[in-house]
Amino acid sequence: MAETYHCLSLFSAGLDSILAARVLMAQGLKVKCLHFVSPFFGDPRRIPHWERVWGLDIAAVDVSDEFTAMLRGPAHGFGKLLNPCMDCKILMLTRARELMPKYGATFLATGEVVGQRPMSQRRDAMNAIARDAGVKGILLRPLCARKLDPAPMEESGLVDRERLYNFGGRGRRQQLDLAKEFGLTELPTPAGGCLLAEPESARRFWPLLKHLESPAASHFRLADEGRQYWAEHEGGQYWISIGRNQAGNERLEKLLAPGDLVFKTRDFPGPLAVARPLAGPWPDAVLADAAAFFASYSPKATRTGGPVAVSVTEVGADARAVEVTPCRETPLAWAEPQWDDSTKARNCQNCRGGAE
Ligand code: SF4
C-alpha cells in the first residue's frame, strides 16, 4: 500500500520551506515536501542531498507546461521583472491540493511569513491566494500561524497550535535561531533562485512572451542558454542562441528539438549555434545573414577575411553548407534583447510594474 502522510508541504529549498516542514515533523506529523520544477526554478537533482542534510522526505513535481501557459497572462500581473508571484503560488497550491489524495494527506503547509515580501505575502494577498487555489481551511503556515486565526487542523487537535510560530516581517533572526534549534548545519542561501526574478534571465525570456502566442517550456530552456540574438525580417521574428564555450555548446545540443537548425563553422573551430524557427522554415536570405553573423564568433574564420563554409543542419535532416563572409554587423542587425524595451512593452499589458 502507498505510504500516507498528514501533510504536503511546499518546498522551494529556501530556509522557510525547510523550517515549515521540520516544525510539523517535530510534532510527530508525517510530512511530504513537494519541490516544484519548471524552466525557471527547481533543481530535482539535489533532492537526495537535501533529504540527507535536512532530514526531509521530498518529491519533485514538474509544473513546466502549466507554468509556461500561465506566464502568457498571469491574472495578478507580474512583479518587478517577469515574476508572476501570486499566480505562481496559486498554481503550486492548486497542484498540491490535487495531489493530496495520492499521498493521503489532510492538509497543506507553506513556509510563508506574513509581511515578508511586499506583494505576495501581505495578509490580504495571502488570503486571495488561498481562496483562488481552493485551499482555504486546508492550508497551514506553521511559521506565522499564531499571527493568524486558528486553522481547522489546529482546532481539531491534529496540529498543536502552541508549537507553531508567530514570525512576521522581513527579519531572518527568528528563522536562523529555529534552524539552530533543529541542528541544521547546512543552510540554503536566502535568494529563492527563481530566474523570472533575475534581470538577466527576464531579458532573455521576454522576447518569447512578446513574439510567441504560446511559448513552450522548451523555448524558455533554450533562451536560458548561450548568447541570445533576435532579428526581424519582413515582419517575421528570427532567433538564434550561440554557445559561449565547449560546455555551453554541449548544453545547447541537449536542448535540440525537431525543426531546430544547428550552425557550425565547417573548417574552423568555433561555437555551436541553435536557431529555432518560430513560424515555418527560414528564408534563404535570413539563413545566410544568420550564418555570416554566427561565423563572426569564430576568430579563425573571421581572420581569413573571405568566404567560409557554415554547415547548417536541420535536426533529423542532412547538413548543407552556406558560403558566407563572417560579419558582426549584418543587414538583419542581430541584437540581444534589451530589458528597457521589454519593460515598455510589458506596461502596455496587464502589468502592475514594480508592485512586487
Ligand atoms: S519568485 Fe518565482 S518561484 Fe517565487 S513566487 Fe515568484 S514566480 Fe514563483
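About the thresholds
- Residues numbered from 1 in each chain as written.
- Predicted model: local features only at pLDDT ≥ 70, side-chain atom pairs only at ≥ 80, totals over all residues.
- Heavy atoms only, no water.
- Domains from an automatic or database assignment.
- Contact = heavy atoms within 4.5 Å.
- Buried area = accessible area lost by both parts, 1.4 Å probe.
- Polar contact = N/O pair within 3.5 Å; in protein donor to acceptor, adjacent residues only side chain to side chain.
- Nonpolar A, V, L, I, M, F, W, Y, C, P; charged D, E, K, R; others polar.
- Pairing = 2+ DSSP bridges.
- Helix = DSSP H or I, 4+ residues; strand = E, 2+ residues; numbered from the N terminus.
- Axes fitted to C-alpha atoms, helices over the stretch in contact; angles between N-to-C directions.
- Phe/Tyr/Trp six-rings, centres within 6.5 Å; stacked < 30°, edge-to-face > 60°.
- Buried < 20%, exposed > 50% of the residue type's maximum accessible area, 1.4 Å probe, protein only.
- Near = heavy atom within 4 Å.
- Expected span 1.5 Å × (residues − 1).

### Some points on the domain arrangement of the protein chain
Partitioning the protein chain into domains gives domain 1 (7-196) and domain 2 (198-339). The distance between the C-alpha centroids of domain 1 and domain 2 comes to 39 Å. Listed as interface residues are 13 residues of domain 1 and, on the opposing side, 16 residues of domain 2. Of the roughly 1,300 Å² buried at the junction of domain 1 and domain 2 (both faces included), carbon and sulfur atoms supply 72%. The tally of links from domain 1 across to domain 2 stands at three residue pairs in polar contact (both at pLDDT 80 or more). Looking at the side of domain 1 that touches domain 2 residue by residue, the classes come out as eight nonpolar, two polar and three charged.

### Digging into the sheet that holds strand β2 (residues 31-37)
Where strands meet in a sheet, backbone hydrogen bonds hold them as pairs that are either parallel or antiparallel. Spatially, the five strands line up as an open sheet ordered β3-β2-β1-β4-β5, and their pairing is parallel. Two strands lie at the open edges of the sheet, namely β3 (58-62) and β5 (139-140), each paired on one side alone. Summarising the sheet, strand β4 (residues 107-109) and β5 pair through two bridges and their orientation is parallel. Looking at β5, one finds that leucine 108 is bridged to leucine 139. Lying on the sheet, helix α2 (residues 47-54) is in contact with β2 and β3; it crosses β3 at an angle near 150°.

### Side note on the packing of aromatic side chains
To describe a pair of aromatic rings, you give the distance between the ring centres and the angle between the ring planes. With the rule as written, the count across this model stands at 19 aromatic pairs. When the centroid spacing of 5.6 Å and the interplanar angle of 65° are considered together, the rings of phenylalanine 11 and tryptophan 50 count as edge-to-face. Of the two residues, phenylalanine 11 sits in the loop between β1 (7-10) and α1 (15-25) while tryptophan 50 sits in helix α2, which places them 39 residues apart along the sequence. Of the two residues, phenylalanine 11 and tryptophan 50, both sit in the buried class. With centroids separated by 6.3 Å and ring planes inclined at 15°, the aromatic side chains of tryptophan 50 and tryptophan 54 adopt a geometry described as stacked. Of this pair, tryptophan 50 and tryptophan 54 both sit in helix α2, four residues apart, which is roughly one turn of that helix. The pair formed by tryptophan 50 and tryptophan 54 is uniform in burial state, with each residue classed as buried.

### Description of the site of the ligand
For the ligand, the full set of nearby residues is Phe41, Pro84, Cys85, Cys88, Lys89 and Cys194. Tallied by class, residues from the shell around the ligand come to five nonpolar, no polar and one charged.

### Side note on the sheet that holds strand β6 (residues 227-233)
On the basis of which strands lie adjacent, the open sheet formed by six strands has the order β6-β7-β9-β8-β10-β11 and antiparallel pairing. With partners counted over all chains shown, the strands left at the sheet margins are β6 and β11 (319-324), one partner each. The sheet shows a mean angle of 25° between the axes of neighbouring strands, taken without regard to direction. Sheet analysis places strand β7 (residues 236-242) next to strand β9 (residues 272-275), joined by three bridges and oriented antiparallel. In the strand pairing of β9, isoleucine 242 is matched with alanine 273.

### As for helix α11 (residues 284-295)
The first and last C-alpha atoms of α11 sit 16 Å apart over 12 residues, in line with the 16 Å expected at 1.5 Å per residue. Counted residue by residue, α11 has nine buried out of 12 residues, so it is predominantly covered.

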